[in-house]
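# Structural overview
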Amino acid sequence: MNTQRHQRLQRAKFALPSTVTLLSIACGFASIVISVDNAHLGLAQDYRLAAALLVLAGIFDALDGFVARATGTGSDFGVQLDSIADVMNFGCAPAVLLYCYGFVQMGPADPTLLRVGGIAAFFFVACGALRLARFNVNVGRTDPKYFVGMPITAGAACVASVVVAWPEFPDSSIEGYYVVALLFVVGSLMVSTIRFPSSKQKKSTAALVLLAVNVGLLVWLRAYYFVLFFVVYIAFTVGLNLAWRGGWRGIAPPQVFADD
């Protein structure tokens, strides 16, 4: 009897990380449903809710790995499920959100924008999928302190931050094409070879000060903080990579592997 109970507990323990991943998928799916239902209504609060669900999906995405490590239940199945979840939550869901938010309302007046917007949304999804595939095959072969290309989670948060800051849908073609440019730029950053700093950087007093500054900016700017964060994040990263190419070594560049 005790053996059977132990086996059930073991099965339940191994199911826990996957359950957290499924909660992440549920958030991504809910975001898609809300985006589609709101496409012809254009309610600002619903667009913000869809974007907030992507943030919640990101929290669950971080938690599933933490739970797997804490319980010693990491598995190849969990890795594959997590990767599939990432494509949906941080590739498809934000692309659908931006498509519904940026192009559907303007579609009748500007059919070209609607078509170009659809292409831009697919481009974002395709780049996210390619980014994940490259990450999966390069595990253990790149410097863990840096990502090769913008992580898909950061890419999703970047495009969603625009919806959080300006939840009213674009009311002109020019604004719609800004959304097109956003999707193309962020998608391109995901499949680029630009090295983005990861959370595995060495902790320091400067990092704690930077964290405190960001918390203060979040309290002050609220919804607009996230747009500012990603503008600075991308500008700093691109500038850092250019400085490395120019020979600057004030911040150590990533370690290069033989087959990197």
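Conventions we followed
Residues numbered from 1 in each chain as written. Predicted model: local features only at pLDDT ≥ 70, side-chain atom pairs only at ≥ 80, totals over all residues. Heavy atoms only, no water. Phe/Tyr/Trp six-rings, centres within 6.5 Å; stacked < 30°, edge-to-face > 60°. Helix = DSSP H or I, 4+ residues; strand = E, 2+ residues; numbered from the N terminus. Buried < 20%, exposed > 50% of the residue type's maximum accessible area, 1.4 Å probe, protein only. Axes fitted to C-alpha atoms, helices over the stretch in contact; angles between N-to-C directions. Parallel < 35°, antiparallel > 145°, perpendicular 65-115°, else oblique. Left-handed = near helix turned anticlockwise from the far one by under 90°. Nonpolar A, V, L, I, M, F, W, Y, C, P; charged D, E, K, R; others polar. Core = buried A, V, L, I, M, F, W, Y, C linked by side-chain atoms within 4.5 Å. Contact = heavy atoms within 4.5 Å. Disulfide = S-S within 2.5 Å.

## Description of the packing of aromatic side chains
By the definition in use, this model includes 11 aromatic pairs. Centre to centre, the rings of Phe196 and Tyr233 are 5.5 Å apart; their planes meet at 55°, and the pair counts as tilted. Placement of the pair is Phe196 in strand 2 (residues 195-197) and Tyr233 in helix 8 (residues 225-245), with a sequence separation of 37 residues. Phe196 gets classed as buried once you look at its relative accessible area, which sits at 0%. Put simply, the rings of Phe196, Tyr225, Phe226, Phe229, Phe230 and Tyr233 pair up and form one aromatic cluster.

## Concerning unusual backbone geometry
Despite not being glycine, Arg222 shows a phi value in the positive range, around 55°. Here Arg222 shows up in the loop between helix 7 (205-221) and helix 8. Looking at Arg222, the relative accessible area reads 63%, which means it is exposed.

## Notes on the packing of helix 4 (residues 111-137) against helix 6 (residues 173-191)
Two elements in contact, helix 4 and helix 6, have axes whose closest approach is 8 Å; the angle formed by their N-to-C orientations is 15°. Classified by the angle between their axes, helix 4 and helix 6 sit roughly parallel to one another. Considering only the axes of helix 4 and helix 6, their crossing is left-handed. For the contact of helix 4 with helix 6, a count of residues per class yields 16 nonpolar, seven polar and two charged.

## Topic: the nonpolar core
Note that soluble globular proteins tend to have their nonpolar side chains buried in a common cluster. Residues Leu97, Leu98, Met150 and Leu183 are the most contacted members of the largest nonpolar core, which totals 52 residues. Secondary-structure elements contributing two or more residues to this core are helix 1 (2-38), helix 2 (44-71), helix 3 (76-104), helix 4, helix 5 (152-165), helix 6 and helix 8. Once residues within four sequence positions are removed from consideration, Leu97 is found in contact with Ser35, Tyr47, Ala50, Ala51, Leu54 and Val163.

## Some words on the state of the cysteines
By definition, a disulfide is the covalent link that joins the sulfur atoms of two cysteine residues. Enumeration according to the criterion identifies zero disulfides in this entry. Sulfur of Cys27: no disulfide; nearest cysteine sulfur belongs to Cys92 and is 16 Å away. With a relative accessible area of 8%, Cys27 lands in the buried category. With no disulfide partner, Cys100 has as its closest neighbouring cysteine sulfur the one in Cys92, 13 Å distant. For Cys100, a relative accessible area of 5% corresponds to the buried category.

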